Amino acid sequence: MNNILWADRDWTPVAANPFSPDGTYGPNWSAFVYGEEQPYYSNVWPGSRVYVLSVNPQIDIHGTRLRDFADYENAHGRTVIVRAPAAQQEQAMAQFHPSLSGGSLCGIREHDPRYLVHSTTLESWTAIKRTGALLSPAELRRRQCAVHEIGLKALLEPADYSDYIMLDVLEGCGEIVVNSRQLGFVCTDPSRPYTPGVRLYFDSHRLISDGLAVRDGLHVLKVKDCLPLRPYMLMCIGRKMLPQREVWTPTTYTDAANSYFLEQV
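Residues numbered from 1 in each chain as written. Predicted model: local features only at pLDDT ≥ 70, side-chain atom pairs only at ≥ 80, totals over all residues. Heavy atoms only, no water.

1. Let's talk about the overall build of the protein chain
Going by this rule: Only runs of H or I of at least four residues qualify as helices and only runs of E of at least two qualify as strands under DSSP, and these elements are numbered from the N terminus. Type-normalised accessible area, obtained with a 1.4 Å probe on protein chains alone, sets the label of each residue: buried when under 20%, exposed when over 50%, and partly exposed for intermediate values. Contact definition: two residues touch when any of their heavy atoms are within 4.5 Å. In these tables, accessible area is a Shrake-Rupley quantity obtained with a 1.4 Å probe, and a residue counts as shielded only by the protein chains included in the view.
A count of helices and strands for the protein chain gives seven helices and 13 strands. Residue burial in the protein chain is summarised as follows: out of 265 residues, 46% are buried. Taking the intrachain contacts of the protein chain between residues at least 6 apart in sequence as the baseline, contacts between residues at least 24 apart amount to 71%. Total accessible area on the protein chain stands at roughly 13,700 Å², and carbon and sulfur atoms take up 52% of it.

2. Some points on the sheet that holds strand β6 (residues 115–120)
The condition is simple: At least two bridges found by DSSP between two strands are what make those strands a pair. Axis definition: a line fit to C-alpha positions, over the contact stretch in the case of helices; interaxial angles, taken between N-to-C directions, run 0 to 180 degrees.
Sheet architecture is open: three strands sit in the order β6-β9-β13, paired in antiparallel fashion. The open sheet is flanked by β6 and β13 (233–238), the only strands paired with a single partner. On average, each strand axis in the sheet is inclined to that of its neighbour by 20°, with strand direction left out of account. As defined by bridge partners, β6 adjoins strand β9 (residues 198–203) across six bridges and the pair is classed as antiparallel. By the bridge assignment, Y115 is partnered in β9 with D203. Strands in contact with helix α7 (residues 250–264) are β6, β9 and β13; relative to β13, the strand with the most contacts, it is inclined by about 135°.

3. Points about helix α1 (residues 64–75)
Definition in use: The span you would expect from a helix comes to 1.5 Å times its residue count less one.
With 12 residues, α1 extends 16 Å between its outermost C-alpha atoms, agreeing within 8% with the 16 Å of an ideal straight helix rising 1.5 Å per residue. Taken as a whole, α1 has its buried residues at R65, L66, R67, D68, F69, A70, Y72 and E73.

4. Here we look at the pairing of β9
Most of β9 sits out of view: six of its six residues are buried. Where burial is concerned, the two faces of β9 agree: the one with V198, L200 and F202 and the one with R199, Y201 and D203 are both buried. Relative to β13, β9 is paired through five bridges, and the arrangement is antiparallel. Following the sheet pairing, L200 is matched in β13 by C236.

5. A few points about the environment of R245
Put simply, the test is: Within 3.5 Å is the distance limit for a polar contact, defined as a pair of N or O atoms, with the added protein rule that one can donate a hydrogen and the other accept it, and that residues adjacent in sequence qualify only through two side-chain atoms.
As for its placement among the helices and strands, R245 is situated in the loop between β13 and α7. Of the residues examined, R245 reaches a relative accessible area of 45% and is grouped as partly exposed. Reaching out from R245, the side chain makes a polar contact with the backbone oxygen of V247 at a distance of 3.3 Å.

6. Considering the packing of aromatic side chains
Aromatic ring pairs are described here by two measures, namely the spacing of the ring centres and the angle between the planes. The criterion, for reference: For Phe, Tyr and Trp, rings pair up if their centres lie within 6.5 Å, where Trp contributes its six-membered ring, and each pair is then called stacked (planes under 30 degrees apart), edge-to-face (over 60) or tilted (otherwise).
One pass over the full model with this rule turns up 11 aromatic pairs. Ring plane angle 45° and centroid distance 4.7 Å describe the contact between Y40 and Y41, whose orientation is recorded as tilted. On the basis of relative accessibility, which here comes to 25%, the residue Y41 falls in the partly exposed class. Relative to Y161, the ring of Y51 has its centre 5.7 Å away and its plane inclined at 75°; by these criteria the two rings are edge-to-face. Taken together, the residues span a long stretch of sequence, with Y51 in strand β4 (residues 51–55) and Y161 in the loop between α4 (137–142) and β8 (164–167) at a distance of 110 residues. In this pair, the class of Y51 matches that of Y161, namely buried. Members of the aromatic cluster, each reached through a chain of ring pairs, are F32, Y34, Y51, F69, Y72, Y161 and Y164.

7. Topic: the sheet that holds strand β11 (residues 221–224)
Hydrogen bonding along the main chain pairs the strands of a sheet, whether they run parallel or antiparallel. The antiparallel open sheet is built from three strands, whose spatial order is β8-β11-β10. Strands with a single pairing partner mark the edges of an open sheet, and in this sheet they are β8 and β10 (213–214). In the sheet, β8 pairs with β11 via four bridges, with the strands oriented antiparallel. Among the inter-strand pairings, L167 is bridged to a residue of β11, identified as L221.

Below, the structure is given as structure tokens:
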């Protein structure tokens, strides 16, 4: 059974914990908030006292993100505080009825993209080829490898996120992550010039069918510890395979690499 608690509609993550005796949160709490003020979804909430995923209810009308988030958080020992508008709460609560455990929420879903991508630097790609797999930051540390992780720990991102390799949709923000690693801080400007690395394209349906894919409500899919290149990687694209440009930005490189990939597949 999911360990979730329903907050009053006036509660926000910057307020005290309404379910703990002293109002504190600690590492065993997280939150999920439906709110029209959120244009899409985000785990950034300025001033939040607890790790939170906020989602516009219009993009989660069936409660799938909530279910994925709660399942993942509970599996990692965290109780989830949920705030939902009255119109959404009944629908959201229905997601946790025992009869819905598993079923259509497991396996390949109707809207799962066929292809997902992971972006990395040229330096990291050299090590990945040698290993034959993508390794999570935590796994790299266990192997005593250098790790240049740019995450959101300052925004209360759980430590277990470092156990996973994150995959994104083709139009996602992977190149922003590469640029942030080069800069040494999180930079969300998709038009800032940078040095592209490589984009690794994966068969997401095969990852799901083989049981490697994990859903957390935030990321499209992620894989724990180790993602073998074979048989899941379909293509690796570097800038030498694309038409020459004097200046690349995360946006222009994403568009060019995706166009090349889709032409080939």
